[in-house]
Amino acid sequence: DTAVSQTPKYLVTQMGNDKSIKCEQNLGHDTMYWYKQDSKKFLKIMFSYNNKELIINETVPNRFSPKSPDKAHLNLHINSLELGDSAVYFCASSQAGGGPYNEQFFGPGTRLTVL
Amino acid sequence: SQQGEEDPQALSIQEGENATMNCSYKTSINNLQWYRQNSGRGLVHLILIRSNEREKHSGRLRVTLDTSKKSSSLLITASRAADTASYFCATDQIQGAQKLVFGQGTRLTINP
């Protein structure tokens, strides 16, 4: 069974378009995250949600809007896509936000290419 | 800002040899975690070491943590071709919400 799944795996789109990436976890975790990994493999947190509430927003442009319909899902919607948005986006989850000893489980990633 | 910095950025060794990767960080932490990323895949958690621990083992993995020097090392013994991957350290900073800050990783290549 897939623990953290993301769709789509690949996304190629034109500049200026709006797109969404979906994430689901079946681990029963309370906290979910979105990360961006750039071409140099640098992985940076974008958002964190705990029980559907936003707890971390790392100065991400407001073109990025996460939405958590329930604690098992955290979707990422991106408006007016720019070339610099091209990256691999990873969803992750962990048992409880705020806990000091929790590992995170990552999805397989979505490679976004903006042309 | 980037917290963890791995050293070296790339490492190539022969199968059977030991591989050592280092990580330095800047602020106080709850714990430090190591993750592996195979090419084109997501990250997989390897091991977590708490701030009050100095050494931890898991199979062929040995992790050390020196909070006075703000550094950690990951040792993989008796390397195998399947160990070829990128390895990232991530620090769980002391603050309300859990927030992992990743370094840029060490690209490890095991030559058969």
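See above for the structure.
Residues numbered from 1 in each chain as written. Chains lettered and ligands numbered in written order. Predicted model: local features only at pLDDT ≥ 70, side-chain atom pairs only at ≥ 80, totals over all residues. Heavy atoms only, no water.

Now for the overall build of chain A. Tallying secondary structure elements over chain A gives 0 helices and 11 strands in all. Secondary structure of chain A in N-to-C order comes out as β-β-β-β-β-β-β-β-β-β-β. Looking at chain A as a whole, 44% of its 115 residues are labelled buried. Restricting the contact set of chain A to residue pairs at least 6 apart, pairs at least 24 apart contribute 55%. Carbon and sulfur atoms form 50% of the exposed surface of chain A, whose accessible area is close to 5,500 Å². Once the 12 positive and 11 negative side-chain charges of chain A are each reduced to a mean point, those two points are 6 Å apart. (Helix = DSSP H or I, 4+ residues; strand = E, 2+ residues; numbered from the N terminus. Buried < 20%, exposed > 50% of the residue type's maximum accessible area, 1.4 Å probe, protein only. Contact = heavy atoms within 4.5 Å. Areas by Shrake-Rupley, 256 points an atom, 1.4 Å probe, with all protein chains shown as cover. Lys, Arg positive; Asp, Glu negative; His and termini not counted. Charge placed at Lys NZ, Arg CZ, Asp CG, Glu CD.)

Attention shifts here to the overall build of chain B. Looking only at helices and strands, chain B features 0 helices and 11 strands. Traced from its N-terminal end to its C-terminal end, chain B shows the element sequence β-β-β-β-β-β-β-β-β-β-β. The dimensions of chain B, computed from C-alpha atoms along their principal axes, are 45 × 30 × 20 Å. When burial is assessed residue by residue, chain B has 49% of its 112 residues classed as buried. At a minimum sequence separation of 6, the contacts of chain B that also span at least 24 residues come to 55%. Carbon and sulfur atoms provide 43% of the accessible area of chain B, an area that totals close to 5,100 Å².

What follows deals with the side chain of E6 of chain B. Structurally, the position occupied by E6 of chain B is in strand β1 (residues 5-7). Separated by 2.9 Å, the side chain of E6 of chain B and the backbone nitrogen of G105 of chain B make a polar contact. (Polar contact = N/O pair within 3.5 Å; in protein donor to acceptor, adjacent residues only side chain to side chain.)

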